[in-house]
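Take a look at the letters that make up each chain.
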Amino acid sequence: MIEQLLPGVEITEHSLAQVPSAAVDFDLLRSVITHADAEVAAGANGVVVTTGTDTLEEVAFALDLMWSAPAPLIVTGAMRHPGAPGADGPANLVSALRVATDPGTSDVGVAVVMNDRIHGPSQVQKRHTTHVDAFVSAAGPLGEISEGVVYVHTRPPRRRPVGIPDGPFPPVALLRTAIGDDGRLLPHLVDVGYRGLVIEAAGGGSTPTSWAQPLEQVARHIPCSTPGVPAPGPPCARPTPASAPRSTCNAAASSPPGCSTGSKHGCC
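Because the structure is predicted, anything quoted here is derived from the model rather than measured. (Residues numbered from 1 in each chain as written. Predicted model: local features only at pLDDT ≥ 70, side-chain atom pairs only at ≥ 80, totals over all residues. Heavy atoms only, no water.)

Enquirer: Talk me through the pairing of strand β10 (residues 197-200); I want residue IDs and the actual numbers.
Expert: Here β10 shows a clear split, with Leu-197 and Ile-199 buried on one side and none of Val-198 and Glu-200 buried on the other. Of the strand pairs in this sheet, strand β9 (residues 173-176) and β10 are connected by four bridges, and their pairing is parallel. Within the sheet, the bridge partner assigned to Ala-173 lies in β10 and is Leu-197. Direction of pairing for β10 relative to strand β11 (residues 224-225): parallel, over a ladder of two bridges. Among the inter-strand pairings, Val-198 is bridged to a residue of β11, identified as Ser-225. In the classification by handedness, the crossover that spans β10, the intervening helix α5 (residues 212-219) and the parallel β11 is right-handed. (Buried < 20%, exposed > 50% of the residue type's maximum accessible area, 1.4 Å probe, protein only. Helix = DSSP H or I, 4+ residues; strand = E, 2+ residues; numbered from the N terminus. Pairing = 2+ DSSP bridges. Right-handed = clockwise from strand over helix to strand, strands pointing away.)

Enquirer: A description of the sheet that holds strand β1 (residues 47-50) should follow, citing residues and the corresponding values.
Expert: The strand order across the open sheet built from six strands is β1-β2-β3-β4-β7-β8, with neighbouring strands paired in mixed fashion. On the outer flanks of this sheet lie β1 and β8 (149-152), each paired with one strand and no other. Geometrically, the sheet is characterised by an average inter-axis angle of 25° between neighbouring strands, direction not taken into account. Relative to strand β7 (residues 143-146), strand β4 (residues 117-119) runs antiparallel, the two being bridged by two bridges. If you follow Arg-117 over to β7, its bridge partner there is Glu-144. In the packing of helix α3 (residues 56-66) onto the sheet, contacts are made with β2 (73-76) and β3 (110-114), and the angle to β3 comes to roughly 155°. (Axes fitted to C-alpha atoms, helices over the stretch in contact; angles between N-to-C directions. Contact = heavy atoms within 4.5 Å.)

Enquirer: Account for the side chain of Asp-88, with residues named and values stated.
Expert: Following the sequence through the fold, Asp-88 ends up in the loop between β2 and α4 (89-101). In this structure Asp-88 is buried but unpaired, with Arg-80 as the nearest side chain of opposite charge at 5.6 Å. Dropping the residues within four chain positions of it, Asp-88 is found in contact with Ala-78, Met-79, Arg-80 and Val-132. (Lys, Arg positive; Asp, Glu negative; His and termini not counted. Salt bridge = Lys/Arg side-chain N within 4 Å of Asp/Glu carboxyl O.)

Enquirer: Give a detailed account of the nonpolar core, specifying residues and quantitative values.
Expert: Formed by 25 residues in total, the largest nonpolar core has its most connected members in Leu-63, Trp-67, Leu-73, Val-75, Val-112 and Phe-135. Residue assignment for this core shows that the elements contributing at least two residues are α2 (26-41), β1, α3, β2 and β3. If you tally residues by element for this core, the top one is α3, at six residues. Setting aside anything within four residues of it in sequence, one finds Leu-73 in contact with Ile-33, Ala-36, Val-47, Val-49, Leu-63, Trp-67, Gly-109, Val-110 and Ala-111. (Core = buried A, V, L, I, M, F, W, Y, C linked by side-chain atoms within 4.5 Å.)

Enquirer: If you had to explain α3 to someone new, which residues and values would you point to?
Expert: Extensive coverage of α3 is indicated by the burial of eight of its 11 residues. For α3, the set of buried residues is Leu-56, Glu-57, Val-59, Ala-60, Ala-62, Leu-63, Asp-64 and Met-66. On its buried face, α3 sits against α2, β2, β3, β5 (124-126) and β6 (135-137).

Enquirer: With reference to specific residues and values, describe the environment of Pro-170.
Expert: Among the secondary structure elements, Pro-170 is positioned in the loop between β8 and β9. Judged by its relative accessible area of 51%, Pro-170 is exposed. A C-alpha to C-alpha distance of 9.0 Å links Pro-170 and Gly-193, two positions 23 residues apart in sequence.

Okay, structure coming up:
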């Protein structure tokens with residue numbers, strides 16, 4: 001059926017893994033990048049990656065950090081079971097293939113295609129657990145697919161990819177602030193082997209005052225970042241002392257000088 005909807009498009013299918021989306025790790029994403037690079041080098045005009053939707057936005061963002069090939073890499077999935085009435089998987093796959101092979105998307109890089117919308121990997125979020133229109137972008141989609149035609153309305157510049165380590169990815173801890181949490185886990189992070197820390201902070205990046213001292217100690221050994229919870233808007237930056245190590249900005253007076261704020265939606 002796909003060949004009939006996309007005449008003239010040659011499709012090659014490969015299965016790299018069949019795991020729940022919550023089980024996707026960086027080693028698997030590195031394999032995806034390696035395989036996609038090889039396909040583009042062999043002449044593919046684009047690549048489509050299918051994955052579970054629970055971590056689809058994280059997968060897309062991570063791939064965007066690693067993808068440097070001059071071809072679109074499109075991430076898609078399905079909100080409904082394939083046996084359910086109105087299953088959206090086939091339509092999403094066809095739309096993703098349309099975007100990946102359209103001559104006008106050769107410079108898009110990594111994008112998410114769901115429900116006939118094209119989303120940037122740094123903006124897309126899953127905002128509903130079951131609806132087919134669960135994926136939205138804070139700044140609006142990059143484009144859309146309508147009646148089989150791909151329309152790209154905006155083209156943000158592609159980010160410069162980061163290096164992919166040949167060995168194991170360094171472990172990074174993710175903690176979330178909460179009322180009444182005194183931060184007693186923080187002093188143990190370095191000892192158990194973490195090499196980075198991301199704190200899902202309140203508001204624009206605020207952390208409890210009781211976290212200040214242990215965070216300062218952690219920041220002397222590993223880099224840390226404190227992005228705020230709300231997606232739109234910049235972090236609540238305050239002046240940073242000139243002597244603060246590894247710091248780009250502080251979210252609040254209680255944030256230690258070694259931590260920086262920002263998120264995938266807007267770093268300070």
